[in-house]
Amino acid sequence: EPEVTQTPSHQVTQMGQEVILRCVPISNHLYFYWYRQILGQKVEFLVSFYNNEISEKSEIFDDQFSVERPDGSNFTLKIRSTKLEDSAMYFCAAGGQGFSPLHFGNGTRLTVT
Amino acid sequence: GIQVEQSPPDLILQEGANSTLRCNFSDSVNNLQWFHQNPWGQLINLFYIPSGTKQNGRLSATTVATERYSLLYISSSQTTDSGVYFCAVLEWLNNDMRFGAGTRLTVKP
């Protein structure tokens, strides 16, 4: 069983629409993250989440983005009104505390048309 | 925030050759991982190596935390080794992981 499962694997949406990307980490993880990778570029940090609240966010993570973990299992990233430049691969990651590896999901490829 | 620099940015090898990829980081870290991004875009974890040396088949990695660098060695390279290799570090203070820009490896038959 993978440590982190992301759905969907691909999502195509029209500009201005809302999208929700989902991540299911296994239950013993404490820290949760979202990353973004625009095609051909580096993997960029978006947000980290610990103890049911955002612990840090990057300048990319503006008011159009939100995260939540409503039921203690699913960890979601919502983009309220998608723009063309939101097209990217979005990775979810989860890990324990301190000296432990982060486990990455397989990513969701988001295409905004 | 912590800076992560990878070198070289691009590397072209003939099949069978050996290579060394380098990752420098600017501050103390809790964790360092090497990833290979496959043609489908998935990040495949190669090593979790905050310090010391590990080996897995033709790949090995060494992190010298006191000198703030890590090396990934690929021996007897194969065409399937092609892709982008990322180093990522977890900052000591805030438990957030930052990626380097990657090394794009091309192995020619």
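What counts as what
- Residues numbered from 1 in each chain as written.
- Chains lettered and ligands numbered in written order.
- Predicted model: local features only at pLDDT ≥ 70, side-chain atom pairs only at ≥ 80, totals over all residues.
- Heavy atoms only, no water.
- Buried < 20%, exposed > 50% of the residue type's maximum accessible area, 1.4 Å probe, protein only.
- Helix = DSSP H or I, 4+ residues; strand = E, 2+ residues; numbered from the N terminus.
- Pairing = 2+ DSSP bridges.
- Axes fitted to C-alpha atoms, helices over the stretch in contact; angles between N-to-C directions.
- Salt bridge = Lys/Arg side-chain N within 4 Å of Asp/Glu carboxyl O.
- Contact = heavy atoms within 4.5 Å.
- Buried area = accessible area lost by both parts, 1.4 Å probe.
- Polar contact = N/O pair within 3.5 Å; in protein donor to acceptor, adjacent residues only side chain to side chain.

**Student:** Help me get a handle on the pairing of strand 5 (residues 44-50) of chain A, residues and values and all.
**Tutor:** If a strand is regular, its side chains alternate between the two faces of the sheet. Residue and element names in this part refer to chain A. The buried count for strand 5 comes to 5 of 7 residues, which makes it a mostly enclosed element. Hairpin geometry of strand 4 (residues 31-37) and strand 5 is characterised by an intervening segment of 6 residues between the two adjacent antiparallel strands and by a positive phi of about 80° at G40. One ladder, built from 4 bridges, connects strand 5 with strand 6 (residues 53-57); its direction is antiparallel. Within strand 6, the position partnered with F49 by the bridge is I54.

**Student:** Lay out the sheet that holds strand 6 (residues 52-56) of chain B with the relevant residues and their values.
**Tutor:** Residue and element names in this part refer to chain B. Taken in spatial order, the 5 strands of this open sheet run 1-3-8-7-6, and their pairing is antiparallel. Looking along the sheet, the strands with just one partner apiece sit at the ends: strand 1 (4-7) and strand 6. Taking the axes of each pair of neighbouring strands and ignoring which way they run, one obtains an average angle of 15° across the sheet. By the bridge criterion, 6 bridges tie strand 3 (residues 19-25) to strand 8 (residues 69-74) in an arrangement that is antiparallel. Pairing of S19 across the sheet is with I74, part of strand 8.

**Student:** Can you tell me about the pattern of salt bridges, naming the residues and giving the values?
**Tutor:** All names here are of chain A. All chains considered together, the criterion is met by 4 salt bridges over all chains. Two residues, R36 and E44, come together in a salt bridge whose shortest N-O distance is 3.3 Å. With a relative accessible area of 22%, E44 lands in the partly exposed category.

**Student:** I'd like a rundown of the sheet that holds strand 1 (residues 4-7) of chain A, residues and numbers included.
**Tutor:** Residue and element names in this part refer to chain A. What the 4 strands build is an open sheet, ordered 1-3-8-7; its pairing is antiparallel. Of all strands in the sheet, those with a lone pairing partner are strand 1 and strand 7 (65-68), marking the two edges. Direction aside, neighbouring strands of the sheet carry axes that sit 15° apart on average. When strand 7 meets strand 8 (residues 75-79), the two strands line up antiparallel, connected through 4 bridges.

**Student:** Before we move on, can you summarise the interface of chain A and chain B with the specific residues and values?
**Tutor:** Taken together, the contacts link 21 residues of chain A with 23 residues of chain B. Buried area between chain A and chain B, summed over both chains or domains, comes out near 1,800 Å², and the portion from carbon and sulfur atoms is 52%. Our count for the chain A to chain B interface comes out at 1 salt bridge. For R98 of chain B, the salt bridge is made with E56 of chain A, and the minimal N-O distance between the two is 3.3 Å. Summed over the shared surface of chain A and chain B, the number is 7 residue pairs in polar contact (both at pLDDT 80 or more). Secondary structure elements with two or more residues in the side of chain A that touches chain B: strand 4, strand 5, strand 9 (88-95) and strand 10 (102-104) of chain A.

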